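# Commentary on secondary and tertiary structure
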Amino acid sequence: LLLPAVFLTAVCYSGCSHILIVTFLTLSTSLGGISSAGVFINQIDIAPQYAGFLLGITNTFGTIPGVVAPIVAGYFTEDHTLAGWRKVFWVAAGINMGGAVIYTIFGSGEIQSWAVVEEEEEEER
């Protein structure tokens, strides 16, 4: 998520160059899509029996930014200036950076204790 944040920040300083903006947004979105593989496989890693349930929960919370983002972008761009759009992309880059930092600190691929099935506990003994 760090590289997508870098390209979103680059959009802030591309001025009105539509070629640069589209290029940076394409790179940011493409590289951001790579993180999806990590999100989906991590649910299987930490709780194989409950991965579908976890996917439902994470997708539910993952759609909230899609609902809130247009409202926030509209608020920031009320005056229709580049400075307003700069704020939008800085916030988006900050969210990416925050996600990367939080996952780096708290992320794990170990099966969680609450996800261990009784059969697995008996086999370990």
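Here is what the cut-offs are and how they apply
- Residues numbered from 1 in each chain as written.
- Predicted model: local features only at pLDDT ≥ 70, side-chain atom pairs only at ≥ 80, totals over all residues.
- Heavy atoms only, no water.
- UniProt positions renumbered as here; feature names shortened; annotations may be inferred.
- pLDDT = per-residue confidence, 0-100.
- Helix = DSSP H or I, 4+ residues; strand = E, 2+ residues; numbered from the N terminus.
- Buried < 20%, exposed > 50% of the residue type's maximum accessible area, 1.4 Å probe, protein only.
- Contact = heavy atoms within 4.5 Å.
- Axes fitted to C-alpha atoms, helices over the stretch in contact; angles between N-to-C directions.
- Parallel < 35°, antiparallel > 145°, perpendicular 65-115°, else oblique.
- Left-handed = near helix turned anticlockwise from the far one by under 90°.
- Nonpolar A, V, L, I, M, F, W, Y, C, P; charged D, E, K, R; others polar.

Per an unreviewed UniProt entry, the protein goes by the name Major facilitator superfamily (MFS) profile domain-containing protein and belongs to Ameca splendens. The record held by UniProt for the protein lists under Subcellular location (unreviewed entry) the comment "Membrane".

Further remarks concern the confidence of the model for the protein. In the predicted model, the protein carries a mean pLDDT of 90, and 94% of its residues have values of at least 70. Ranking the helices and strands of the protein by mean pLDDT puts helix α1 (residues 2–12) first, with 95, and helix α5 (residues 118–124) last, with 63.

Another aspect to go through is α1. What α1 keeps buried is the set Pro4, Ala5, Phe7, Leu8, Thr9, Val11 and Cys12. Where α1 is buried, its residues touch α2 (18–46) and α4 (82–106).

Another point: the side chain of Asn96. Relative to the elements of secondary structure, Asn96 occurs in helix α4. Residue class for Asn96 comes out buried when judged on its relative accessible area of 16%. In this view, Asn96 contacts Leu1, Pro4, Ala5 and Leu8; residues no more than four positions away in its chain are not counted.

Here we take up the packing of α2 against helix α3 (residues 51–76). Running from amino to carboxyl end, α2 crosses α3 at an angle of 140°, the nearest separation of the two axes being 9 Å. Regarding the angle of α2 to α3, the classification is oblique. At the point where α2 passes α3, the crossing takes the right-handed sense. Every residue of α3 that contacts α2 at Phe40, Gln43, Ile44 and Ile46 is listed here: Ala51, Leu54, Leu55, Thr58 and Asn59. Split by residue class, the contact of α2 with α3 holds six nonpolar, three polar and no charged.

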